[in-house]
Amino acid sequence: MGWNVFGNLSAKLVAPIFQIIVARLLVPADYGVFGVAMAIFAFFEIIKEAGLTQAIIVNQGGEKDIRLQFTVQVFLSIIFYILIIIITPYIASFYDIPELKKVMPILGVTLFLNSFIDPAMTYYLREQEFRIVAIRQMIAPIFGSLVSLYFASQGYGVYALVYGTVTGYFGVVVFFMYKKSFKYRLFWDYGSFLKLFNLAREIIIQKLSGYLVGQADSLVIGKYLSISDLGIYRMGQKLVNLLPLAIVFQIQQVVFSDLAKAQYNDSYYNRRYNQFIVYVGGLMLLYTMSVYFIAPIAVPLILGENWIEIIPILQIISASMVTGYLSGLNNEVSKLLGFARTYSVYAVIRSLITILSVVVAVQFSLQHLIVTWVVVSMSANVINEIIFYSSQTVIQVNKSKIIIYVFAWAWLSFSLYEYWLY
């Protein structure tokens, strides 16, 4: 866990220094164009990854299963890239963003690069080689940020973000090729694929539903509000999630891998789960309060006057993240305890409600959209907890978790009130 968190934390502390400089050289509209393109590619990435990484870890698959993953992802990358070339002119016309005609084919290269990254990550996660995982997490943001900084300083606009993204992934592929621990070989076995897909399909459904919640809003904002509004909104989400993604998600990843090898030991599950809730919950509460008070001072000083409008967005989004990062572990544990399908159905319902709410709210203003998104997300997290504790008896709710949730809701209520007045 130390290596995994250190790698991400190092990258997330170093890379933002370059990203902030890049943001000062660009305008919100550049991030808006990039946000639309990345939202489209996120959909293809979910299908291409096919949930195989987690399926292989849960089933304790061997190297043939990982090579099967490599084969599937390479094949899908080719199909999806051809599809992207075909649909790009229509997408650019629909959003009235001519830059997408050039941006999307370049970003499409990341589909192929991730086809080499994902299987190697599966191998190292299975082997619990978290030092390698940590280095991988550092390479992409640091190398990508340096390239973005150079091209931004040369006036390349949105292309600075595009070139940086592609370069970051390419650096990871070179690193894995250098390590040579995992041998890239094509392999296909229909029976093995079906075995993995039985679990992977539930993961795909949950990820696609998460996509509607976390990415599809960019497509809606890009259509009904301005590209600058989208850039401010997306940058706000990116900045406020930098540290939590570097710490919380990686701790969750390690805890999940650890529990997968615990052979369904009830007391061990309960202890590890509640440790995660107490430590992460406390850190998240401290973090969201810090963001609230620091943002008004830090944004003008660091990002510049072009980004003043992002301050209330940083404050309100950070206030809503506490329960979101805590309930995220429930989805992972459900795969181990055998009720992943329940969360798949719930994820579909939640995503549909969220996207419909976003479509309605975006007709009014960005402020209406953000408040709607926050309220729906927080309500969904509570329902997530109800489903979790009613679907299993291994992990029991404790007082610490109740206290954390009460404080989280109280802080969010205060933040919502202040944001609406603002």
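Now for a description of the structure that goes with this document.

Here is what the cut-offs are and how they apply
Residues numbered from 1 in each chain as written. Predicted model: local features only at pLDDT ≥ 70, side-chain atom pairs only at ≥ 80, totals over all residues. Heavy atoms only, no water. Helix = DSSP H or I, 4+ residues; strand = E, 2+ residues; numbered from the N terminus. Rg over C-alpha atoms; globule rule 2.2 N^0.38 Å. Areas by Shrake-Rupley, 256 points an atom, 1.4 Å probe, with all protein chains shown as cover. Lys, Arg positive; Asp, Glu negative; His and termini not counted. Charge placed at Lys NZ, Arg CZ, Asp CG, Glu CD. Axes fitted to C-alpha atoms, helices over the stretch in contact; angles between N-to-C directions. Parallel < 35°, antiparallel > 145°, perpendicular 65-115°, else oblique. Left-handed = near helix turned anticlockwise from the far one by under 90°. Contact = heavy atoms within 4.5 Å. Nonpolar A, V, L, I, M, F, W, Y, C, P; charged D, E, K, R; others polar. Salt bridge = Lys/Arg side-chain N within 4 Å of Asp/Glu carboxyl O. Buried < 20%, exposed > 50% of the residue type's maximum accessible area, 1.4 Å probe, protein only. Polar contact = N/O pair within 3.5 Å; in protein donor to acceptor, adjacent residues only side chain to side chain. Phe/Tyr/Trp six-rings, centres within 6.5 Å; stacked < 30°, edge-to-face > 60°.

Some remarks on the overall build of the protein
Scanning the protein from N- to C-terminus turns up 18 helices and zero strands. Relative to its length of 422 residues, the protein is compact, with a C-alpha radius of gyration of 21 Å against a globular reference of 22 Å. Principal axes of the C-alpha set define a box for the protein whose edges measure 55 × 50 × 35 Å. Summing over all exposed atoms, the protein offers an accessible surface of approximately 18200 Å²; the carbon and sulfur share of this is 67%. Positive and negative side-chain charges in the protein, numbering 28 and 21 respectively, have mean positions lying 7 Å apart.

Quick word on the packing of helix α4 (residues 63-95) against helix α6 (residues 109-126)
Between α4 and α6, whose axes approach to 8 Å, the crossing angle comes to 165°. Considering the angle they form, α4 stands roughly antiparallel to α6. As for the relative orientation of α4 and α6, their crossing is right-handed in sense. In this structure, α4 contributes E63, I66, Q69, F70, Q73, V74, S77, I78, F80, Y81 and I84 to the contact, and α6 contributes V109, L111, F112, N114, S115, F116, D118, P119, T122, Y123 and R126. For the contact of α4 with α6, the per-class residue count stands at 13 nonpolar, six polar and three charged.

With respect to the pattern of salt bridges
Evaluation of the coordinates by the stated rule reveals three salt bridges. One salt bridge connects D118 with K48, and the closest N-O pair in it is separated by 3.7 Å. Within this pair, whereas D118 is found in helix α6, its partner K48 is found in helix α2 (residues 28-49), the two being separated by 70 residues in sequence. What makes K48 buried here is its relative accessible area of 0%. Across the salt bridge formed by E385 and K401, the nearest N and O atoms sit 2.6 Å from each other. Of the two residues, E385 sits in helix α17 (residues 366-391) while K401 sits in helix α18 (residues 399-421), which places them 16 residues apart along the sequence. On the accessibility criterion, K401 (3% relative accessible area) is buried. Taken together, the shared-partner salt bridges in this structure form one network comprising E45, K48 and D118.

Observations concerning unusual backbone geometry
With phi around 55°, D96 is a residue other than glycine that occupies positive phi space. Summarising the element assignment, D96 is placed in the loop between α4 and α5 (100-107). Taking relative accessible area as the criterion, D96 reaches 64% and is therefore assigned exposed.

Description of the environment of G62
Examined against the element boundaries, G62 turns out to sit in the loop between α3 (52-58) and α4. Between the C-alpha atom of G62 and that of V240, which follows or precedes it by 178 residues, the distance is 37 Å.

What to know about helix α10 (residues 216-224)
For α10, the tally of buried residues reaches seven of nine residues, placing the bulk of the element in the interior. Listed in full, the buried residues belonging to α10 are A216, D217, S218, L219, V220, I221 and G222.

Remarks on the side chain of N331
With respect to the helices and strands, the residue N331 is situated in helix α15 (residues 321-337). Within polar-contact distance, the side chain of N331 engages the side chain of N384 at 3.0 Å. With residues up to four places along the chain from it excluded, the contact list for N331 reads Q206, Y343 and N384.

Digging into the environment of F256
Mapped onto the fold, F256 is located in helix α12 (residues 242-260). Since its relative accessible area comes to 5%, F256 is described here as buried. Here the alpha-carbon distance between F256 and L336, two residues 80 residues apart in the chain, equals 8.7 Å.

Concerning the packing of aromatic side chains
The relative placement of two aromatic rings is captured by the distance of their centres and the angle of their planes. Per the counting criterion, the structure on display carries 26 aromatic pairs. For the pair F116 and Y184, a centre-to-centre distance of 5.2 Å together with 55° between the ring planes defines the contact as tilted. With F116 in helix α6 and Y184 in the loop between α8 (158-179) and α9 (190-214), the pair connects residues that are 68 residues apart, well separated along the chain. On the basis of relative accessible area, F116 is assigned to the partly exposed category, the value being 25%. Ring geometry for F293 versus W411: centroids 6.2 Å apart, planes at 50°, classification tilted. Of this pair, F293 sits in helix α13 (residues 266-303) while W411 is found in helix α18, placing the two residues 118 residues apart along the sequence. F293 gets classed as exposed once you look at its relative accessible area, which sits at 54%.

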